[in-house]
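# Inside the fold
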Amino acid sequence: MSNCLFCKIIAGDISADKIYEDDDVLAFHDIGAQAPHHFLVIPKKHISTLNDVDDAALVGKLTLTASQIAKDFGFAENGYRVVMNCNEQGGQTVYHIHLHCLGGRQLTWPPG
Ligand code: AMP
Ligand code: ZN
């Protein structure tokens, strides 16, 4: 989608600090990190919100990509959080679905 920030990152029109990429997904560091480790995993296919998802395998791949990167970065055993914000009250600001993965510090609950 031409006016989507994350589609522009996928296309290479906007730079990002990439971690992992394959035919289906892209992972990159969040520009506004909320933890020592904070990266996003996105599908290469544009999907606006979690409410629009009908591909269980793709969402599973986002999750497994996050856990694999957490293992590779060495913070999986200590623990981390994965979350997908949906729409305004969920705190979503970029309307191309993305899984946040945060780790490297003690995370609190509820998140607020
Ligand atoms: P959300 O509020 O769940 O939609 O999350 C959007 C996330 O995208 C925020 O955590 C932002 O810091 C992050 N973000 C926005 N622009 C960029 C960018 N150009 N590169 C990396 N992360 C970004
Ligand atoms: Zn998009």
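Residues numbered from 1 in each chain as written. Chains lettered and ligands numbered in written order. Predicted model: local features only at pLDDT ≥ 70, side-chain atom pairs only at ≥ 80, totals over all residues. Heavy atoms only, no water.

### Quick notes on the coordination of the zinc ion (ligand 2)
Angles between donor atoms at a metal ideally measure 109.5 degrees for a four-coordinate tetrahedral arrangement and either 90 or 180 degrees for a six-coordinate octahedral one. Coordination of the zinc ion (ligand 2) by the protein is provided by Cys4 (SG), Cys7 (SG), His46 (ND1) and His96 (ND1), with metal-donor distances spanning 2.0 to 2.3 Å. Sequence positions of the residues that donate to the zinc ion (ligand 2) give the spacing C-x2-C-x38-H-x49-H. With a gap of 89 residues between them, cysteine 7 in helix α1 (residues 5–11) and histidine 96 in the loop between α3 (87–90) and β5 (99–103) connect regions that are remote in the sequence. (Donors = N, O, S within 2.8 Å, 3.2 Å for Na, K, Ca; no water. Helix = DSSP H or I, 4+ residues; strand = E, 2+ residues; numbered from the N terminus.)

### Details of the nonpolar core
Counting 15 residues, the largest nonpolar core has Phe39, Val41, Leu62, Ala66 and Leu99 as its most contacted members. Of all the secondary-structure elements, those providing two or more residues to this core are β2 (25–29), β3 (37–43), α2 (56–73) and β5. Top contributing element to this core by residue count: α2, with five residues. If sequence neighbours within four positions are ignored, leucine 99 has contacts with Phe39, Leu40, Val41, Leu62, Thr63, Ala66, Val82, Val83 and Met84. (Core = buried A, V, L, I, M, F, W, Y, C linked by side-chain atoms within 4.5 Å. Buried < 20%, exposed > 50% of the residue type's maximum accessible area, 1.4 Å probe, protein only. Contact = heavy atoms within 4.5 Å.)

### Quick word on the pattern of salt bridges
All told, the structure shown has five salt bridges when counted by the stated rule. Lysine 18 serves as the salt-bridge partner of glutamate 21, at 3.8 Å between the closest nitrogen and oxygen. Look at glutamate 21 and you get partly exposed, because its relative accessible area is 37%. On the basis of relative accessibility, which here comes to 38%, the residue lysine 18 falls in the partly exposed class. Three or more residues are tied together by salt bridges with common partners; here these are Lys18, Glu21 and Lys44. (Salt bridge = Lys/Arg side-chain N within 4 Å of Asp/Glu carboxyl O.)

### Here's the deal with the packing of aromatic side chains
In this structure the tally under the stated criterion is three aromatic pairs. With a centroid separation of 6.3 Å and 80° between ring planes, the pair formed by phenylalanine 39 and phenylalanine 73 is classed as edge-to-face. In this pair, phenylalanine 39 is assigned in strand β3 and phenylalanine 73 in helix α2, connecting sequence segments 34 residues apart. Judged by its relative accessible area of 34%, phenylalanine 73 is partly exposed. Their ring planes at 90° and their centres at 6.0 Å tell us that phenylalanine 75 and tyrosine 80 sit as a pair that is edge-to-face. (Phe/Tyr/Trp six-rings, centres within 6.5 Å; stacked < 30°, edge-to-face > 60°.)

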